[in-house]
Amino acid sequence: KNDTNCYPTSTPKPSSTEEPAYLRDDPGLACLTSQLGRLTAQIRYHDYFKKSVADAEEECKRDLAASLAKSLVSSSANDIGHSGKSHSSPSNSLNQWVKHWDAEVGAEYFYNNATGEASWLDPRYGNINASG
């Protein structure tokens, strides 16, 4: 049965003793009530879907952050292991930044051999406040 057809039918719906007669006998009201119930269910599903997507997005962000941190730590350990400790002066530390490629993430990052720091932004050009 299609409830979207709101034309009066020859068979009236069972009446409820709680509704006044003028509401019980109105086929248009029955149709609107049916549509309202359907729309309410769709809104609930939509809200559930939005929450599910938001939860999945947060989980992806956490996984990506963990992956990036792990990748940077392993890259830093590899760089230090290959180059040893650098004995440069603090004034020369800007020259110690080396660009690397993180294949797992698909992005470049910068590693300072002198300090062991890592950054997604090139510190040789100053820090840009990305948080707005």
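Further up the page is the structure itself.
What you are looking at is a predicted structure, and each value in this text was computed from that prediction instead of being measured.

J.: How would you summarise the sheet that holds strand β1 (residues 97-102) if you had to cite specific residues and measurements?
T.: What the three strands build is an open sheet, ordered β1-β2-β3; its pairing is antiparallel. Single-partner strands in this sheet number two, and they are β1 and β3 (118-119). Both strand β2 (residues 107-112) and β3 contribute to a ladder of two bridges, which runs antiparallel. Among the inter-strand pairings, Y111 is bridged to a residue of β3, identified as A118.

J.: Account for the pairing of β1, with residues named and values stated.
T.: Pairing of β1 with β2, which is carried by six bridges, proceeds in the antiparallel orientation. Each residue of the ladder has a partner; that of V98, found in β2, is Y111. As consecutive antiparallel partners, β1 and β2 are separated by four residues, and within that stretch G106 has a phi angle of approximately 80°, a positive value.

J.: Quick one: what's the story with a nonpolar patch on the surface, residue by residue and with numbers?
T.: On the surface, Y45, Y48, F49 and V53 cluster together into a nonpolar patch covering about 480 Å² of accessible area. Mapped onto the fold, Y48 is located in helix α2 (residues 27-83). Judged by its relative accessible area of 56%, Y48 is exposed.

J.: Hey, could you go over the packing of aromatic side chains for me, with residue numbers and the actual values?
T.: Under the criterion given, the structure shown has two aromatic pairs. Between the aromatic rings of Y45 and F49, the centroid separation amounts to 6.5 Å while the plane-to-plane angle is 20°, which identifies the pairing as stacked. Here Y45 pairs with F49, and both are found in helix α2, just four residues apart, close to one helical turn. Owing to a relative accessible area of 56%, Y45 belongs among the exposed residues under this scheme. On the basis of an interplanar angle of 70° and a centroid distance of 6.0 Å, the ring pair of Y109 and W120 is categorised as edge-to-face. Here W120 lies in the segment after β3 and Y109 lies in strand β2, a separation of 11 residues in the sequence. Of the residues examined, Y109 reaches a relative accessible area of 2% and is grouped as buried.

J.: If you had to explain the pattern of salt bridges to someone new, which residues and values would you point to?
T.: When charged atoms on two side chains of opposite charge get close, those side chains can pair. In the structure shown here, the tally under the stated rule is four salt bridges. When the shortest N-O distance is used, the salt bridge between E57 and K61 registers 3.9 Å. Residue E57 and its partner K61 are both found in helix α2; the two are separated by four residues, about one turn of the helix. Between K99 and E108 there is a salt bridge, with its nearest N and O atoms 3.8 Å apart. A residue is classified by how much of its surface remains accessible, and E108, at 34% relative accessible area, is partly exposed.

Criteria and thresholds
- Residues numbered from 1 in each chain as written.
- Predicted model: local features only at pLDDT ≥ 70, side-chain atom pairs only at ≥ 80, totals over all residues.
- Heavy atoms only, no water.
- Pairing = 2+ DSSP bridges.
- Helix = DSSP H or I, 4+ residues; strand = E, 2+ residues; numbered from the N terminus.
- Patch = residues over 30% accessible without salt bridge, like charges linked within 9 Å, V, L, I, M, F, W, Y side chains within 5 Å.
- Areas by Shrake-Rupley, 256 points an atom, 1.4 Å probe, with all protein chains shown as cover.
- Salt bridge = Lys/Arg side-chain N within 4 Å of Asp/Glu carboxyl O.
- Buried < 20%, exposed > 50% of the residue type's maximum accessible area, 1.4 Å probe, protein only.
- Phe/Tyr/Trp six-rings, centres within 6.5 Å; stacked < 30°, edge-to-face > 60°.

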